Amino acid sequence: MRFPGSVAVATATFLAGATLVAGQHGQLGQHQDTRQPIQLPAMQRDMLLAEMRGLLTAVNGVLRGLAARDTALMRQSAASGGMTAMMRGEGMGMRRGAAGRGADSARMGEGRGMGASMPEGFRTLMHGTRSAFDSLALRIAAGVPSDTVIARLGSITSNCVACHASYRLEVRSP
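Everything numeric here is computed off the predicted structure, so don't read it as measured data.

Colleague: Can you lay out the overall build of the protein for me, pointing to particular residues and giving the numbers?
Modeller: A count of helical and extended segments in the protein gives 8 helices and 2 strands. Starting at the N terminus and walking to the C terminus, you meet the elements of the protein as α-β-α-α-α-α-α-α-α-β. Classification of the 174 residues of the protein by burial places 36% in the buried group. Long-range pairs, those at least 24 residues apart, make up 72% of the contacts in the protein with a sequence separation of at least 6. Summed over all atoms, the accessible surface of the protein reaches about 9,400 Å², with 56% contributed by carbon and sulfur.

Colleague: I'd love a proper account of helix α8 (residues 146–166), names of residues and values included.
Modeller: The end-to-end C-alpha distance of α8 is 30 Å, a good match for the 30 Å that 21 residues give at a rise of 1.5 Å each. Taken together, the buried positions of α8 are occupied by Ser-146, Val-149, Ile-150, Leu-153, Ile-156, Thr-157 and Cys-163. Buried residues along α8 cover an arc of 135 degrees about the axis, so they all sit on one side.

Colleague: Quick rundown of the nonpolar core? Include the residues and the values.
Modeller: Ranked by internal contacts, the top residues of the largest apolar core, which has 27 residues, are Val-62, Phe-122, Leu-136 and Val-149. Breaking this core down by element, the ones donating at least two residues are β1 (36–40), α2 (42–68), α3 (71–80), α7 (120–141) and α8. Top contributing element to this core by residue count: α2, with 8 residues.

Colleague: Residue-level account of the environment of Ala-142, with values.
Modeller: Here Ala-142 is to be found in the loop between α7 and α8. For Ala-142, a relative accessible area of 64% corresponds to the exposed category. On a C-alpha basis, the gap between Ala-142 and Arg-75 in space is 9.9 Å, while along the polypeptide they are 67 residues apart.

Conventions adopted
- Residues numbered from 1 in each chain as written.
- Predicted model: local features only at pLDDT ≥ 70, side-chain atom pairs only at ≥ 80, totals over all residues.
- Heavy atoms only, no water.
- Helix = DSSP H or I, 4+ residues; strand = E, 2+ residues; numbered from the N terminus.
- Buried < 20%, exposed > 50% of the residue type's maximum accessible area, 1.4 Å probe, protein only.
- Contact = heavy atoms within 4.5 Å.
- Areas by Shrake-Rupley, 256 points an atom, 1.4 Å probe, with all protein chains shown as cover.
- Expected span 1.5 Å × (residues − 1).
- Arc of directions from axis to C-beta.
- Core = buried A, V, L, I, M, F, W, Y, C linked by side-chain atoms within 4.5 Å.

Structure (structure tokens):
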């Protein structure tokens, strides 16, 4: 796999974009938040937030792998964000075999009542993101050049940006 100097540029671009988004979110206190609310029980909201942190961890692992020229880390990190990992119950902060719940009840959108709580657009973005991580893991294993990895990662994070710009999570009162 080739690793041109574009890794540093891609990382700087990603961080600059994250700073811009954070700055825009800091202004929300002065403006009405027009994102569509998704109301969930606190436990499901926490599970979904843990899943999002897991996806961010996957992005970070791919970037760290790019910087270190560590193909195994990149592939493993991309796979951890994929649909396959989610179907095995490795998403949403759940440990495999969690007491009282199997992997089936932990899957995003298929947990006890969670699927009905998710707007179609949210489910589409989440599944597209997960599938894109699986595809990225396969491409990394096949030895694609780093600029392809960066481009694919940019596409994945575009889903994240679109989702966070469109939806907000709220705790539903019991």
